[in-house]
Amino acid sequence: MISGLPAIVFSKGPSQDHGESLMIFVSSNAGRVKLCLFAGCVLLAAVAAAQTATAVKNPPATHGIAVANIDRSVKPGDNFYLYANGAWIARTEIPADRAGVGVFSLLADRSNKNVAAIITEAAKSQAPAGSSKRKIADLYNAFMDEQAIEARGMKALEPHLAEIAAIHDRHDLAVALGKTLRADVDLLNNGVFSTSNLFGAWIAPGFSDSDHYIPYLLQGGLEMPSASYYLDDSAHMKDVRAKYAPHVEAMLRLAGLDDPAARAERVIALEHALAETHISLADIEDIAKANNLWTRADFPAKAPGLDWDAYFEAAGLGGQQQFMVWTPTALTGESALVASTPIDTWKDWLAFHLIENYASVLPRAVAQENFSFFGKVLTGVSEQRPRWQLGVGLVNANLGDAVGQIYAQKYFSPEAKAQAQAMVANLIAAYHKRLDALTWLAPSTRAEAQAKLNTLYVGIGYPETWKDYSAYEVRPDDAFGNSWRASLWYYHTQIARIGKPVDRHEWCMTPQTVNAVNLPLQNALNFPAAILQPPFFDPKAPAAVNYGAIGSVIGHEISHTFDAEGSAFDSKGRVRNWWRPEDHAHFEQQAEKLEKQYDAYEPFAGLHVNGKQTIDENIADLGGIAAAYDGYRASQHGAEGPTRDGFTGDQQFYIAFGQNWGSKAREAMLRRQILTDGHSPAQYRADTVRNSDAWYKAFDVQPGQALYLAPDDRVRIW
Ligand SMILES: [Zn+2]
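A brief report on the enclosed structure follows. (Residues numbered from 1 in each chain as written. Predicted model: local features only at pLDDT ≥ 70, side-chain atom pairs only at ≥ 80, totals over all residues. Heavy atoms only, no water.)

A word on the overall build of the chain
(1) Moving on: Helix and strand content of the chain: 29 helices and nine strands.
(2) Moving on: At 24 Å, the chain has a C-alpha radius of gyration in line with the 27 Å of a compact globule built from 718 residues.
(3) Moving on: Taken along its principal axes, the extent of the C-alpha atoms in the chain is 75 × 55 × 50 Å.
(4) Moving on: When the 718 residues of the chain are sorted by exposure, 64% land in the buried category.
(5) Moving on: Considering only contacts within the chain whose residues lie at least 6 apart along the sequence, 75% involve residues at least 24 apart.
(6) Moving on: Distance between charge centres in the chain, computed from 64 positive and 80 negative side chains, equals 5 Å. (Helix = DSSP H or I, 4+ residues; strand = E, 2+ residues; numbered from the N terminus. Rg over C-alpha atoms; globule rule 2.2 N^0.38 Å. Buried < 20%, exposed > 50% of the residue type's maximum accessible area, 1.4 Å probe, protein only. Contact = heavy atoms within 4.5 Å. Lys, Arg positive; Asp, Glu negative; His and termini not counted. Charge placed at Lys NZ, Arg CZ, Asp CG, Glu CD.)

Structure, rendered in structure tokens:
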């Protein structure tokens, strides 16, 4: 995708993220990292203020680059990001209820405002029971009825807490753990690499049989975003952990458990032990390490400890014989901990995770305690969003397609769709030409790359089929139950697909999501309607601006088709390395150069960008801007676009690209992004231009300037 980070952080339990994005920071949630999205932490800021004013003043619509955002006192060659966005940054404040603001969040504000209007209309429509409109209205209203939630208190949790209390032996424990399995991770599309359940499941096309769905299993068990939060020795992380302990204690007290301090200590020690079994984010992204097909018999042999039969039976997977195990060493380590850690500690861990994951639909005291840690401490946000915004996020998460269908009809015209499709065609043509001209790719490799382009499905605006919510029961007076049933409903719909034929045109984003995504196992791209809006895409803007903005986004996603990850998937979406060793050698050499370029960035003293962790996304940015530039020049029949506002066509192209990344984020949020996100922070994404020859010419960038790279040091991959 284009942007990273999480989404709906509606406590993991409830919304499970499947409905997609519009990032809200509702509750807990530890980190769902959305990789390959396009925007990194900028998005986290999203769901914004719609009806309340944002602090960000956008210049009036000019159908072109935002000249008022440029800081002319900065030389483009010294800091292109600041040059393109400095004036905007200077006049913008991050609202108290956000971790950051940026172009993505401004667009998300607009999308949310539109979704809010759809919900309001659904509520007024008195739609018949069982209809999607009625479900939208009931889901939203149940969440908004804070009085009812307060009156009900912790009653909603009681049966679940009683089930946990009734666990007597390791068999019971395995059953309880199995019942928590959800389809709450997404390993290649949305890049959700974290679950607080023991393991996460993803139902997707198989690595070798990409025509059928198979379950994937991923490490899990942590409430904080990643293992680093438990293991890292930096002062910042020590401070986070010092604040985590009283938070866990407070949640256990709210769950009604006695001696919460001692329980919290044991729960944190267990999470720490689980963290030690985890593999790093960089390793998780390594497809070769993930390619582990296990049969049922492999589990007790390779990962002894957990009663796997009981676990899978309780998870509704008793008959399933094959699984893709993404993180085998972590499964082994975690399974051993299930056997070696006292049962009572696991029971406390289950109770704590239950209340944490559903905090947003429980009484205010619980929701506030959750926010005090996951919002304030982990992202630096000082105020919770207005409740209606959280409600919009909840509806997007749990009934995303129901809302999306209405959204697409109202806000995405057939004309806009046709124009966007024409741009996609130009970008694909640009890639074809670039592949033709690459001398380092062997002919057989080039042929498969071209085949991938030829079979690529590019979804524009909205999906061709919509999710069917008829089996999802929504009650107007049951906020907790609505969230509980949403994650179960989604899980059941997902596991029901195991073994069935793959729908390559299926979307993994809703139309109202401000993002874009590459789905490697389907060889497909999704560009939702909500990102195909100004300033990314404006039918009235010059070609230079549209190509610099949305063109580079489209190019970014296409690049994933061929990158380290893409090279692992062939034109049918199967995991098959279609590169020759020489191709890899050249690619790796260039990638290493780019890694070093990003490793050198040091946003905070002692904290560098991780070039390895962000390499795929940085290469995608690099490929995206190169193909977009070609597409733009091709659209002008090779010439430069017309000068406007004193900027040449090429200057407008690069400024539009740089302005994609205009953003401001809080330090805690940025630090979190650097540790857990596959995307580089926004400013360095804008500075990708330093690898582009035409940028030097456009802005007369000279040796000695901070971003200057000698021609040999500029990285060229596609
Ligand atoms: Zn990406």
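Things to note about the packing of aromatic side chains
(1) Moving on: Counted under the stated rule, the structure contains 52 aromatic pairs.
(2) Moving on: Ring plane angle 85° and centroid distance 6.5 Å describe the contact between Phe-412 and Tyr-462, whose orientation is recorded as edge-to-face. Here Phe-412, found in the loop between helix 19 (400–411) and helix 20 (414–437), pairs with Tyr-462, found in the loop between strand 6 (457–461) and helix 22 (479–495); they are 50 residues apart in sequence, far enough to count as distant.
(3) Moving on: Overall, the relative accessible area of 6% leaves Phe-412 in the buried class.
(4) Moving on: The interplanar angle of 90° and the centroid separation of 5.5 Å between the aromatic rings of Tyr-696 and Tyr-708 together place this pair among those described as edge-to-face. Pair noted here: Tyr-696 is in helix 29 (residues 693–699) and Tyr-708 is in the segment after helix 29, with a separation of twelve residues, a long-range link.
(5) Moving on: Judged by relative accessible area, which is 23%, Tyr-708 ranks as partly exposed.
(6) Moving on: One aromatic cluster in this structure is built from Phe-199, Trp-294, Phe-299, Trp-308, Tyr-311, Phe-312 and Phe-323. (Phe/Tyr/Trp six-rings, centres within 6.5 Å; stacked < 30°, edge-to-face > 60°.)

As for the packing of helix 10 (residues 260–277) against helix 16 (residues 343–357)
(1) Moving on: Two elements in contact, helix 10 and helix 16, have axes whose closest approach is 9 Å; the angle formed by their N-to-C orientations is 90°. The angle between helix 10 and helix 16 places the two elements in the roughly perpendicular class. Residue-level inspection shows Arg-263, Arg-266, Val-267, Leu-270, Glu-271 and Leu-274 of helix 10 in contact with helix 16, the latter providing Thr-345, Trp-346, Asp-348, Trp-349, Phe-352 and His-353.
(2) Moving on: Each residue belonging to the contact of helix 10 with helix 16 can be placed in one class, and the counts come to six nonpolar, two polar and four charged. (Axes fitted to C-alpha atoms, helices over the stretch in contact; angles between N-to-C directions. Parallel < 35°, antiparallel > 145°, perpendicular 65-115°, else oblique. Nonpolar A, V, L, I, M, F, W, Y, C, P; charged D, E, K, R; others polar.)

What to know about the pattern of salt bridges
(1) Moving on: One pass over the structure, following the stated rule, counts 32 salt bridges.
(2) Moving on: Residue Lys-289 pairs with Asp-286 through a salt bridge whose shortest N-O separation is 3.7 Å.
(3) Moving on: On the basis of relative accessibility, which here comes to 42%, the residue Lys-289 falls in the partly exposed class.
(4) Moving on: A salt bridge links Arg-685 to Asp-621; the nearest nitrogen and oxygen atoms lie 2.8 Å apart. Taken as a pair, Arg-685 in helix 28 (residues 682–686) and Asp-621 in helix 25 (residues 615–635) lie far apart in primary sequence, 64 residues in all.
(5) Moving on: Of the residues examined, Arg-685 reaches a relative accessible area of 1% and is grouped as buried.
(6) Moving on: The exposure class assigned to Asp-621 is buried, which follows from its relative accessible area of 2%. (Salt bridge = Lys/Arg side-chain N within 4 Å of Asp/Glu carboxyl O.)

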